[in-house]
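Structural features, examined
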Amino acid sequence: MYSLAVIGSQWGDEGKGKITDYLSSNADYVVRFQGGNNAGHTIWVDGKKTVLHVVPSGVLQENCISIIDHGVVLDPESLVKELEGLKASGLEIDELKLKISGQCNIITSYHKILDGEREEKSSQKIGTTKKGIGPAYEDRTARKGIKCLHLLDKDVLRGRLENLLKEKETLFKNLYQVDYPSIDDECERLYELGQIIKTYICDTFQLLTQGKKEGKKILFEGAQGVLLDVDFGTYPFVTSSNTAYGGIFTGSSNGGKELDEVIGITKAYTTRVGEGPFPTELFDEAGEKMGRVGHEFGATTGRKRRCGWLDLPLLKYATHIGRFTSIALTKVDVLSHMDELKVCYAYEVNGGKVDMAYPGIDLTHAKPLFKEFKPFKRCFDLDNQKLDHELENYISYIEKELRVPVSLVAYGVERKDLFCRKKIMWQ
Ligand code: IMP
């Protein structure tokens, strides 16, 4: 077995879909191990755009099997819609191409209502996607969750739903005063969805264990990013899963000791959607321009993303937590439209200087210190097959600071707009 992971190094939206799609031409399996349909992975091939939410980004490659493994929280209604949308665009995904673990926890209507009500009515908003992700993970940990396999047995499903609704009912009636579906309706809805997706459900543990014995190549596709990890991220403004390295071992049937390679997907600047600290955030015309040129709107919720310069103290932390063996730098073309180019190399905190963010630092009071670079207007010299000189300087600096190579550089949305700067073992 050869294993590689693609993990976001920032607050998500780094371009993981594009890189996963590219690397999965070489993979036997592409495995999602955490998160759910809060993700939005965009892939462009020959002018055609595909946005994936819970379906792994290996599906566009012919010979690769996509797996939704047990660490994912699955909204079956959203999955069915996603598969229908893909079919309408000419991509039919059958049970040979997509496998879903029977052990995934299910996102019910009750989870979505709770997520939405908290966001609408709480004074301490997280800025979630309102897809029910947090409440579904809460029930998993509280041992009240509904597993994918439970969808296939109406009696078991009903029993699990009764247990799951018991405490929430009090909240819906008294605290939020909101309507919610009856157990009968929810049971019927989920059972019907289970019948639609049952051909995809299988024992992914057996599948991957066998694959490992046969020496298959497995790509683990992360969703969101290290800074949204529930343990390592900017808590409480995080998602509810382990998005970093550790999540692969608890959220998938990977029996390996270590992974062979981990690529940290890094946008050449920084964006964030939702609430939470963001030291290099720009509130001026430069930030507006980054967002405009980079089309920085959420692929899942359409929300406008906050934009700022690259933040090396946070990236050093993410590289450490994510155990990156190399970096894929994405969207460098957006920076070619900027009149100035800056990188935050350290923060001033409490009168001192720190060059690596760590959980003890109060990021809301971290003052970013910037190094300026000469802007570049063109990314890639097609004739000579090399990156622009100024861009190469920018990348070399990042590499030196992070102490890991920048292996891939994405300079456009299309699958082909990718330069392999340093060889990765996977290829
Ligand atoms: P949740 O995952 O919907 O609970 O949202 C928690 C936080 O994670 C919010 O700040 C979201 O905006 C953020 N988030 C969740 N999924 C993504 C993603 O795929 N990209 C970027 N941010 C995300």
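Our subject in this report is the structure included herewith. (Residues numbered from 1 in each chain as written. Predicted model: local features only at pLDDT ≥ 70, side-chain atom pairs only at ≥ 80, totals over all residues. Heavy atoms only, no water.)

1. Notes on the site of the ligand
The cut-off we apply is this: We define proximity as follows: a residue is near a molecule or strand when any one of its heavy atoms falls within 4 Å of that partner. Any N or O atom pair separated by 3.5 Å or less is treated as a polar contact, with the protein-specific requirement of one donor-capable and one acceptor-capable atom, and with residues adjacent in sequence counted only for side-chain atom pairs. Computed by Shrake-Rupley with a 1.4 Å probe, the accessible areas treat only the displayed protein chains as cover when residues are assessed. Classification used: nonpolar for Ala, Val, Leu, Ile, Met, Phe, Trp, Tyr, Cys and Pro, charged for Asp, Glu, Lys and Arg, polar for all others including Gly.
Neighbouring the ligand are 15 residues, the closest being Asp13, Asn38, Thr129, Thr239 and Arg303. Aspartate 13 has a polar side-chain atom sitting 3.0 Å from a nitrogen atom of the ligand. The contact in question runs from a nitrogen atom of the ligand to an N or O atom on the side chain of glutamine 224, over 3.3 Å. For the ligand, whose unbound accessible area comes to 470 Å², protein coverage reaches 96%. Looking at the shell around the ligand residue by residue, the class counts come to 6 nonpolar, 7 polar and 2 charged.

2. Observations regarding the packing of helix H5 (residues 154-175) against helix H6 (residues 183-197)
So the rule is basically this: Axes here refer to lines fitted to C-alpha atoms; in helices the fit is confined to the stretch in contact. Angles between the N-to-C directions go from 0 to 180 degrees. Where helices and strands are cited, they refer to DSSP runs of H or I of at least four residues and of E of at least two residues respectively, numbered from the N terminus. Here the angle decides the label: under 35 degrees means roughly parallel, over 145 means roughly antiparallel, 65 to 115 means roughly perpendicular, and every other value means oblique. Handedness of a crossing is defined here by the sense of rotation of the near helix relative to the far one, left-handed for an anticlockwise turn of less than a right angle and right-handed for a clockwise turn. We call two residues in contact whenever any of their non-hydrogen atoms come within 4.5 Å of each other.
For the pair H5 and H6, interaxial distance at closest approach is 10 Å and the crossing angle is 130°. Regarding the angle of H5 to H6, the classification is oblique. In this structure, the crossing between H5 and H6 has a hand that is right-handed. Across the interface between the two elements, Lys154, Leu157, Arg158, Leu161, Glu162 and Leu165 from H5 touch Ile183, Asp184, Glu186, Cys187, Glu188, Leu190 and Tyr191 from H6. Looking at side-chain class alone, the contact of H5 with H6 contains 7 nonpolar, no polar and 6 charged residues.

3. Notes on the packing of helix H3 (residues 109-121) against H5
Orientation of H3 relative to H5, taken along the N-to-C sense of each, is 25°, at an axis distance of 10 Å. On the basis of the axis angle, H3 is roughly parallel to H5. The element H3 and its partner H5 pack so that their crossing is left-handed. When H3 is examined against H5, the residues Tyr110, His111, Ile113 and Leu114 are found in contact with a partner set consisting of Leu161, Leu164, Leu165, Lys168, Leu171 and Phe172. Looking at the contact of H3 with H5, its residues break down into 8 nonpolar, 1 polar and 1 charged.

Geometry only, nothing functional implied.
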